[in-house]
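Letter by letter, the chains look like this.
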Amino acid sequence: MVAALVVFEALREAVRLYDWEPLEDEVEAAAVEQATAEGEGVVGSILQITKTEGARSLHSGLVAGLQRQMSFASVRIGLYDYVKQWYAKEPDTITIGGRLLAGCTTEALAVTLAQPTDVVKVRFQAQSNLTGVSKRYSGTIDAYMKIAKEEGLRGLWKGTLPNIVRNSIVNCSELVTYDLIKDALLRQNMTDNLPCHFCAAFRAGFCTTIVASLVDVVKTRYMNSPPGLYRNALNCSFLLLTKEGFTAFYKGFMPSFLRLGSWNVVMFVTYEQLKRALMLVKKSRESS
């Protein structure tokens, strides 16, 4: 929840920079493209948003973002260590394969349970890009109700499979990379403390951005597309590649790195401190 608050501005900016695929018609697409063109880079775009829409607009859709992070993170991060130990052949021996399986398993569970929150988050953020076009949703509850009414329950789980693929990649590159980097730092006689957690989290965020960007753009565009625009996620990827080239998959790389890098640092540092505090509380109770 804390991490979501810190990184939300960069997340919204990433959507503004690379997610301007047609939403409903050519009018909306032109409005989004114009909003994208007005900002020059991450800082310039954030300043432009603040100037034209006010500082509060930087947190537009914050409720939807928090709903997603709280539901996703509680499953994919909270269960990771338990599932990792379950996949281990021996208690003290955890292979890279076991870590990858744990990351994929917890992420698949998280997406299956919380996909509606992701659909609402993406839709709600994308509509904030529009100027001169009526908003589709007045709030998160309204978004859930309208999507369910207009598209059925399947609309709330739209893009579940590509989202599982995308988030499994992110989860593995995030958690597994952090695990491996942290172990490497500890083997180099670095103390298991805040600087160690910060270095491992920052490097994991960079690695995650490189890997996740390939599917992140496709996932966002596909989930935000009107019915019939793409046959499936593969069709969306093919059209993106043929129309805009391979570099389109890395469009908005810097804001994406700012989002994932800051998210990793805040999330892992907070997680490690909370885990350590809970372990101390558990030991004190056992000793008393």
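All values reported here derive from a predicted model rather than from experimental measurement.

Draft legend 1. Broad picture of the overall build of the protein. Check the secondary structure of the protein and you find 12 helices and zero strands. In the protein, the succession of α and β elements from N to C terminus is α-α-α-α-α-α-α-α-α-α-α-α. Counted over contacts in the protein with a minimum sequence separation of 6, partners at least 24 positions apart contribute 75%. Total accessible area computed for the protein in this model is approximately 14,500 Å², and 65% of it derives from carbon and sulfur atoms.

Draft legend 2. Looking closely at the packing of aromatic side chains. Taken as a whole and judged by the stated rule, the model has nine aromatic pairs. Here Tyr178 and Phe268 contribute two aromatic rings whose centre-to-centre distance is 3.8 Å and whose plane-to-plane angle is 5°, an arrangement assigned as stacked. Here Tyr178, found in helix α9 (residues 160-187), pairs with Phe268, found in helix α12 (residues 253-287); they are 90 residues apart in sequence, far enough to count as distant. Exposure class is identical for Tyr178 and Phe268. Each is buried. Relative to Phe253, the ring of Phe206 lies with its centre 6.4 Å away and its plane at 90°, an arrangement referred to as edge-to-face.

Draft legend 3. Here's a closer look at the layout of surface pockets. Within this model, the second largest pocket holds a volume of roughly 320 Å³. Lining the second largest pocket are 18 residues, and of these Asp81, Lys84, Asp179, Lys182 and Lys275 sit closest to its centre. Taken together, the elements giving at least two residues each to the lining of the second largest pocket come down to α5 (80-87), α9 and α12. The element best represented in the lining of the second largest pocket is α9, accounting for six residues. Classifying every residue of the lining of the second largest pocket by side-chain character gives eight nonpolar, one polar and nine charged.

Draft legend 4. Quick look at the side chain of Lys84. Structurally, Lys84 can be placed in helix α5. Its relative accessible area of 9% is what places Lys84 among the buried residues. The residues contacting Lys84, other than those within four sequence positions of it, are Ile94, Arg99, Ala102 and Asp179.

Draft legend 5. Local environment of the packing of helix α6 (residues 96-127) against helix α7 (residues 140-151). Between α6 and α7, whose axes approach to 10 Å, the crossing angle comes to 105°. The angle between α6 and α7 falls in the class roughly perpendicular. Across from Pro116, Thr117, Val119, Val120, Arg123 and Phe124 in α6, the residues of α7 making contact are Thr140, Ala143, Tyr144, Ile147 and Glu151. Per-class residue counts for the contact of α6 with α7 are seven nonpolar, two polar and two charged.

Draft legend 6. Local environment of the pattern of salt bridges. If you walk through the whole model with that rule in mind, you get 14 salt bridges. Between Arg123 and Glu151 there is a salt bridge, and its shortest N-O distance comes to 3.2 Å. Linking Arg123 in helix α6 with Glu151 in helix α7, this pair joins segments that are 28 residues apart in sequence. A salt bridge links Lys275 to Glu272, with the nearest nitrogen and oxygen atoms 3.8 Å apart. In this pair, Lys275 and Glu272 both sit in helix α12, three residues apart, roughly one turn of the helix.

Draft legend 7. Region of interest: the nonpolar core. By size, the foremost hydrophobic cluster in this structure holds 20 residues, and its most contacted members are Tyr178 and Phe268. Of all the secondary structure elements, the ones that give two or more residues to this core are α5, α9, α10 (194-224) and α12. Per-element accounting of this core gives the leading share, six residues, to α9. Non-local contacts of Phe268, meaning those with residues more than four positions away in its chain, are made with Glu174, Leu175, Tyr178 and Ala201. In this structure, Ala64, Val120, Tyr137 and Ala143 belong to the second largest nonpolar core, which totals 11 residues.

Draft legend 8. Structural detail: unusual backbone geometry. A positive phi is found at Asn189, a non-glycine position, where the angle reads about 70°. Using a relative accessible area of 73% as the deciding quantity, one classes Asn189 as exposed.

Draft legend 9. Here's a closer look at the confidence of the model for the protein. The predicted model of the protein has a mean per-residue pLDDT of 76, with 76% of residues at 70 or higher. This model gives residues 13-39 a pLDDT under 50, and the stretch forms 68 contacts once residues within four places in sequence are excluded.

Draft legend 10. A look at helix α11 (residues 233-244). Along its 12 residues, α11 runs 16 Å from first to last C-alpha, staying within 8% of the 16 Å computed at 1.5 Å per residue. Along its buried surface, α11 packs onto α9 and α10. Capping the start of α11, Asn232 holds a side-chain oxygen 3.1 Å from the backbone nitrogen of Leu234, two or three residues further along. Once α11 finishes, Gly245 follows within two positions and takes phi at roughly 85°, a positive value.

Draft legend 11. Broad picture of a nonpolar patch on the surface. Taken together, the side chains of Leu79, Tyr82 and Leu109 define a hydrophobic patch exposed on the protein surface, amounting to about 320 Å² of accessible area. Along the chain, Leu79 turns up in the loop between α4 (62-76) and α5. In this structure Leu79 comes out as partly exposed when scored by relative accessible area, which is 36%.

Thresholds, definitions, all that
- Numbering of residues begins from 1 in every chain and follows the order in which that chain's sequence is written.
- The predicted nature of this model means local features are confined to residues of pLDDT at least 70 and side-chain atom pairs, given and counted, to a pLDDT of 80 or more, with totals for whole chains, interfaces and linings taken over all residues.
- With hydrogens and water stripped out, all remaining heavy atoms of the structure feed into the side-chain values.
- Elements are defined by DSSP. Helices are runs of H or I of four residues or more, strands are runs of E of two residues or more, and each kind is numbered from the N terminus.
- It only takes one pair of heavy atoms within 4.5 Å for two residues to be counted as in contact.
- Areas reported as accessible are Shrake-Rupley estimates using a 1.4 Å probe. Residue values count occlusion only from the protein chains shown.
- Stacked, tilted and edge-to-face pairs are distinguished by plane angle, under 30 degrees for stacked and over 60 for edge-to-face with tilted covering the rest, among Phe, Tyr and Trp rings (Trp via its six-membered ring) whose centres lie within 6.5 Å.
- Type-normalised accessible area, obtained with a 1.4 Å probe on protein chains alone, sets the label of each residue: buried when under 20%, exposed when over 50%, and partly exposed for intermediate values.
- Cavity means a closed set of points on a 1 Å grid over the protein atoms alone, one where a 1.4 Å probe fits but cannot get out, pocket means an open set with protein on both sides within 12 Å along at least 5 of 7 lines, and lining means a residue has an atom within 4 Å of a point.
- Grid points are joined across faces, edges and corners, and a volume is the space filled by probe spheres set on the points.
- Any residue outside Ala, Val, Leu, Ile, Met, Phe, Trp, Tyr, Cys, Pro, Asp, Glu, Lys and Arg is labelled polar, Gly included; the first ten of those are nonpolar and the last four are charged.
- Axis lines are fitted to C-alpha atoms, over the contacting stretch for helices. Their N-to-C directions set the angle, which ranges from 0 to 180 degrees.
- When an angle is under 35 degrees it counts as roughly parallel; over 145 it counts as roughly antiparallel; between 65 and 115 it counts as roughly perpendicular; any other value is oblique.
- We define a salt bridge as a side-chain nitrogen of Lys or Arg found within 4 Å of a carboxyl oxygen belonging to Asp or Glu.
- Residues enter a nonpolar core if they are buried and are Ala, Val, Leu, Ile, Met, Phe, Trp, Tyr or Cys, with the set joined through side-chain atoms within 4.5 Å.
- A residue's pLDDT is the predictor's confidence in that residue, given on a scale from 0 to 100.
- Any helix carries an expected span of 1.5 Å times its number of residues minus one.
- N or O atoms within 3.5 Å of each other form a polar contact, as long as, within protein, one can give a hydrogen and the other can take it, and as long as residues adjacent in sequence are counted only when both atoms are side-chain atoms.
- In this analysis, a patch consists of residues with relative accessible area above 30% that form no salt bridge, clustered at 9 Å for like charges and at 5 Å for the nonpolar side chains Val, Leu, Ile, Met, Phe, Trp and Tyr.

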